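Observations on the three-dimensional arrangement
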Amino acid sequence: MFILFTSEENSSAEKEQLIHFFENGLPLLHVRKPVITEEEMKTWLSQFEEKHLQKMVLHQHHRLTEFFPVKGIHLKENFRSKQEDLAQYIEQFQRKGLTVSSSFHVPEEVKKEVSGFDYVFLSPVFTSVSKERYKGKEFNVEKLPHRVVALGGIEADKILTAKEMGYAGVAVLGAVWFAENKYKVFTEIFKKYRNVYA
């Protein structure tokens, strides 16, 4: 699996950049905009064609899956712990054919998790590009029963290591959005991913 997270910030160039990434092979985009309102998210999603929406996963405002043909939803760690009937919440989306993913920061928590997530993120695997002092833990997930995607510090030269550590794929954030030439960096990382996970 190859996943790109959106930048938290909105920029005037974002739509054009994301469409470029989709047109150049991006299979899955996690839309993570922590401070965006539901109305703003509607406006944001409305910019994109259906073929691009079908590759998006929403971190917030899950209700919008009723109005936009997105791929799935993502549950943050604190959302998971507060949700009284988590299994039922997950099932209502999966019944509609949507994927449901979640985030973890400790392998033991992934091991204990019995909810039927389609895939989960574990972070930080490597030292973060976007968050200072967010040191990589280099978790090995070969023995974990879930489909685990590596998050944190993913750059082209880390992809082979991630695969060797048992990850089903990688998720990229800072390496692309903090780059001067975002298109070049995306192309390099995605090409490396395809070579390694082919």
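Structure shown above.
Now for a quick tour of the structure. All of these numbers come straight from a predicted model, not from anything done at the bench.

What counts and how
Residues numbered from 1 in each chain as written. Predicted model: local features only at pLDDT ≥ 70, side-chain atom pairs only at ≥ 80, totals over all residues. Heavy atoms only, no water. Helix = DSSP H or I, 4+ residues; strand = E, 2+ residues; numbered from the N terminus. Rg over C-alpha atoms; globule rule 2.2 N^0.38 Å. Buried < 20%, exposed > 50% of the residue type's maximum accessible area, 1.4 Å probe, protein only. Contact = heavy atoms within 4.5 Å. Areas by Shrake-Rupley, 256 points an atom, 1.4 Å probe, with all protein chains shown as cover. Lys, Arg positive; Asp, Glu negative; His and termini not counted. Charge placed at Lys NZ, Arg CZ, Asp CG, Glu CD. Polar contact = N/O pair within 3.5 Å; in protein donor to acceptor, adjacent residues only side chain to side chain. Salt bridge = Lys/Arg side-chain N within 4 Å of Asp/Glu carboxyl O. Pairing = 2+ DSSP bridges. Axes fitted to C-alpha atoms, helices over the stretch in contact; angles between N-to-C directions. Expected span 1.5 Å × (residues − 1). Parallel < 35°, antiparallel > 145°, perpendicular 65-115°, else oblique. Left-handed = near helix turned anticlockwise from the far one by under 90°. Core = buried A, V, L, I, M, F, W, Y, C linked by side-chain atoms within 4.5 Å.

Things to note about the overall build of the protein chain
The number of helices and strands found in the protein chain is nine helices and eight strands. Against the compact-globule benchmark of 16 Å for 198 residues, the protein chain has a radius of gyration of 16 Å, which places it among compact chains. By the burial criterion, 48% of the 198 residues in the protein chain qualify as buried. Summarising the internal contacts of the protein chain: among those between residues at least 6 apart in sequence, 60% fall at separations of at least 24. With the model as given, the accessible surface of the protein chain reaches about 10300 Å², and the carbon-plus-sulfur share is 47%. Of the charged side chains in the protein chain, 28 are positive and 27 negative; the average position of the first set lies 3 Å away from that of the second.

Observations regarding unusual backbone geometry
Residue Pro124 is bonded to the preceding Ser123 through a cis peptide linkage, with omega at -5°. Of note, His61 is a non-glycine position whose phi angle comes to about 55°, a positive value. Secondary-structure assignment places His61 in the loop between β3 (56–58) and β4 (72–75). Even without a glycine there, the phi angle at Glu138 is positive, about 50°. Mapped onto the elements of the fold, Glu138 is located in the loop between β6 (119–122) and β7 (148–151).

Digging into the side chain of Ser123
As for its placement among the helices and strands, Ser123 is situated in the loop between β6 and β7. A distance of 3.4 Å separates polar atoms of two side chains, one belonging to Ser123 and the other to His105. Filtering out sequence-adjacent residues up to four positions away, Ser123 remains in contact with Phe104, His105, Tyr134, Phe139 and Leu151.

Structural notes on the pattern of salt bridges
Within the structure shown, the criterion is met by 11 salt bridges. Among the ionic pairs, Arg80 bridges to Glu113, the shortest N-O distance being 3.8 Å. With Arg80 in helix α4 (residues 77–82) and Glu113 in the loop between α6 (107–112) and β6, the pair connects residues that are 33 residues apart, well separated along the chain. Arg80 sits in the buried class, given a relative accessible area of 10%. With a closest N to O distance of 3.1 Å, Lys184 and Glu188 form a salt bridge. Here Glu188 and Lys184 lie together in helix α9 (residues 182–197), a separation of four residues that amounts to about one turn. We classify Glu188 as partly exposed; its relative accessible area is 39%. When salt bridges that share partners are traced, they join Glu77, Arg80 and Glu113 into one network.

Notes on the sheet that holds strand β8 (residues 169–172)
The strands making up a sheet associate through backbone hydrogen bonding, with each pair oriented either parallel or antiparallel. Taken in spatial order, the eight strands line up as β1-β2-β3-β4-β5-β6-β7-β8 and close into a barrel, and their pairing is parallel. Strand-to-strand, the axes of this sheet are offset by a mean angle of 30°, without reference to chain direction. Across the sheet, helix α5 (residues 86–94) touches β4 and β5 (99–104), and the angle it forms with β4 is around 160°.

A closer look at α9
Here α9 contains 16 residues, and its C-alpha end-to-end distance of 22 Å stays within 8% of the 22 Å for a straight helix at 1.5 Å per residue. As for α9, its buried residues are in contact with β1 (2–5), α1 (14–23), α7 (159–164), β8 and α8 (174–177).

As for the packing of α1 against α9
Running from N to C, α1 and α9 point in directions that differ by 25°, and their axes come no closer than 11 Å. Looking at the two axes, α1 sits roughly parallel to α9. Here the hand of the crossing between α1 and α9 comes out right-handed. Along its contact with α1, which presents Glu16, Gln17, His20 and Phe21, the element α9 presents Lys182, Tyr183 and Phe186.

Section: the nonpolar core
Note on soluble globular proteins: their nonpolar side chains tend to be buried together. Among the nonpolar cores identified, the biggest contains 57 residues, and Trp44, Met56 and Tyr167 are the most heavily contacted of them. Of the residues forming this core, the biggest block, seven residues, is contributed by α9. Those residues in contact with Tyr167 that sit more than four places away from it in its chain are Leu122, Val125, Phe139, Val141, Val148, Val149, Ala150, Ala162 and Tyr197. Within the second largest apolar cluster, 10 residues are counted, among which are Met1, Leu28, Phe121 and Leu151.

Scope: geometric values only; no functional claims are made or implied.
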